[in-house]
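Reading the structure
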Amino acid sequence: MIYPALIARLRHVGAVFLLMLLSACSSAPVAQQVQQYDFGPLATNTSAPTGTGKLQISIAEISIPPALESNSMLYRLQYDNVQQLKTYSLHRWSMPPAQLLLQRLKADLVAQGADVLTNSDGAANLPLLRLEIDEFSQIFSSASLSNAHINLRASVIKDRKLLAQKSFQQKVPASTADAPGGARAMREAADASILEIQNWIMSLPLK
C-alpha cells in the first residue's frame with residue numbers, strides 16, 4: 001500500500017526534476033550565425049578624380065597572396081605576434097577581398113564616367129591596370145585599438161609596355177575594436193585607395 005504522503009513526495013520530486021530539465025534545455029548554448037559583410041552601396045557623393053578627358057581602361061583580375069583567397073576576415077595582433085594572421089570565426093566577407101575591391105573599383109570608375117573593360121574582353125588598344133594586394137587586414141595595436149590596413153601595388157601597361165607603377169597604402173582607424181568596426185574601416189580604406197588609384201591613372205599620359 002502506497003501512503004498518500006509518499007505519493008505526494010514522489011509528485012514533488014517529479015516536478016522538481018521536470019523543472020531542472022526545462023532549465024537545462026533553456027540554458028543550452030544557441031548556435032550563432034555567421035555574419036557576412038561587403039562594402040555597402042557606392043557613395044553618391046564620391047569625389048571625382050582630378051584630371052581631364054574620358055578615361056578608357058581595361059582591368060585585370062587582382063593578384064593576391066594565398067591568405068586572401070577565401071572569404072575570411074583577417075586580423076593581426078601587433079602587441080602579440082604581428083606576423084601571425086588570424087581569422088574571425090563568426091564574421092566573413094561576402095566574397096574574397098580581391099573580388100570586393102575589383103567590384104568596387106569598376107563601379108566607382110563607371111560612376112565617374114569612365115569606360116571600363118575586363119582583361120578578357122580583349123581590347124588590346126586600351127591601357128591595362130593590374131593590381132596586387134600585399135595586405136588586407138585589421139591590425140590591433142592594443143586590445144582596444146585597431147586600424148584597417150590595405151597595401152597594394154598598381155601597374156599600368158599599354159602595348160605590352162609598362163607605363164607606370166606605384167604603391168598605395170591606407171591605414172584607417174576602426175571605430176570599435178571588433179569585426180564590425182574592422183569591416184567599416186576596411187570599406188573606408190578601400191574607397192580611399194580607389195580614389196588615389198583613379199587620381200594617379202588620370203595623371204598618366206595614356207593616349
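Please refer to the structure placed before this passage.
Here the structure is a predicted model, which means the values were calculated and not measured. (Residues numbered from 1 in each chain as written. Predicted model: local features only at pLDDT ≥ 70, side-chain atom pairs only at ≥ 80, totals over all residues. Heavy atoms only, no water.)

This model, assessed by the stated rule, comprises 1 cavity of 30 Å³ or more. Reported here for the largest cavity is a volume of approximately 50 Å³. Taken together, Met73, Leu74, Tyr88, Trp93, Phe136, Ser137, Gln138, Gly182 and Met186 make up the lining of the largest cavity. When residues of the lining of the largest cavity are traced back to their parent elements, those giving at least two are β3 (72-77), β4 (81-93), β6 (128-142) and α3 (179-202). If one sorts the elements of the lining of the largest cavity by residue count, β6 sits on top with 3 residues. Residue classes in the lining of the largest cavity are distributed as 6 nonpolar, 3 polar and no charged. (1 Å grid on protein atoms, 1.4 Å probe; cavity = no way out; pocket = protein on both sides within 12 Å on 5 of 7 lines; lining within 4 Å. Points joined across faces, edges and corners; volume = space filled by probe spheres on them. Helix = DSSP H or I, 4+ residues; strand = E, 2+ residues; numbered from the N terminus. Nonpolar A, V, L, I, M, F, W, Y, C, P; charged D, E, K, R; others polar.)

Attention shifts here to the nonpolar core. By size, the foremost hydrophobic cluster in this structure holds 47 residues, and its most contacted members are Leu55, Trp93, Leu129, Leu131, Phe136, Trp200 and Ile201. Those elements giving two or more residues to this core turn out to be β2 (56-59), β3, β4, α2 (97-111), β6, β7 (145-158), β8 (161-173) and α3. No other element matches the 11 residues that α3 contributes to this core. Contacts of Leu129, omitting those with residues within four sequence positions, involve Ile57, Ser58, Ile59, Ala60, Leu105, Ala154, Ser155, Val156, Ile197, Trp200 and Ile201. (Core = buried A, V, L, I, M, F, W, Y, C linked by side-chain atoms within 4.5 Å. Buried < 20%, exposed > 50% of the residue type's maximum accessible area, 1.4 Å probe, protein only. Contact = heavy atoms within 4.5 Å.)

We now examine the packing of α2 against α3. Taken N-terminus to C-terminus, the directions of α2 and α3 make an angle of 50 degrees; their axes are 10 Å apart at the nearest point. As summarised for this structure, α2 and α3 are arranged oblique, according to the angle between their axes. The handedness of the crossing between α2 and α3 is right-handed. Touching Leu101, Arg104, Leu105, Asp108 and Leu109 of α2 are Arg187, Ala190, Asp191, Ile194 and Gln198, all from α3. Residue composition of the contact of α2 with α3, grouped by class: 5 nonpolar, 1 polar and 4 charged. (Axes fitted to C-alpha atoms, helices over the stretch in contact; angles between N-to-C directions. Parallel < 35°, antiparallel > 145°, perpendicular 65-115°, else oblique. Left-handed = near helix turned anticlockwise from the far one by under 90°.)

For the rest of this paragraph, the subject is the pairing of β4. Two elements, strand β1 (residues 35-37) and β4, share 3 bridges in a ladder whose sense is parallel. Bridging across to β4, Tyr37 finds its partner in Trp93. Where β3 and β4 come together, 4 bridges link them in antiparallel fashion. Paired with Leu77 across the strands is Asn81, a residue of β4. (Pairing = 2+ DSSP bridges.)

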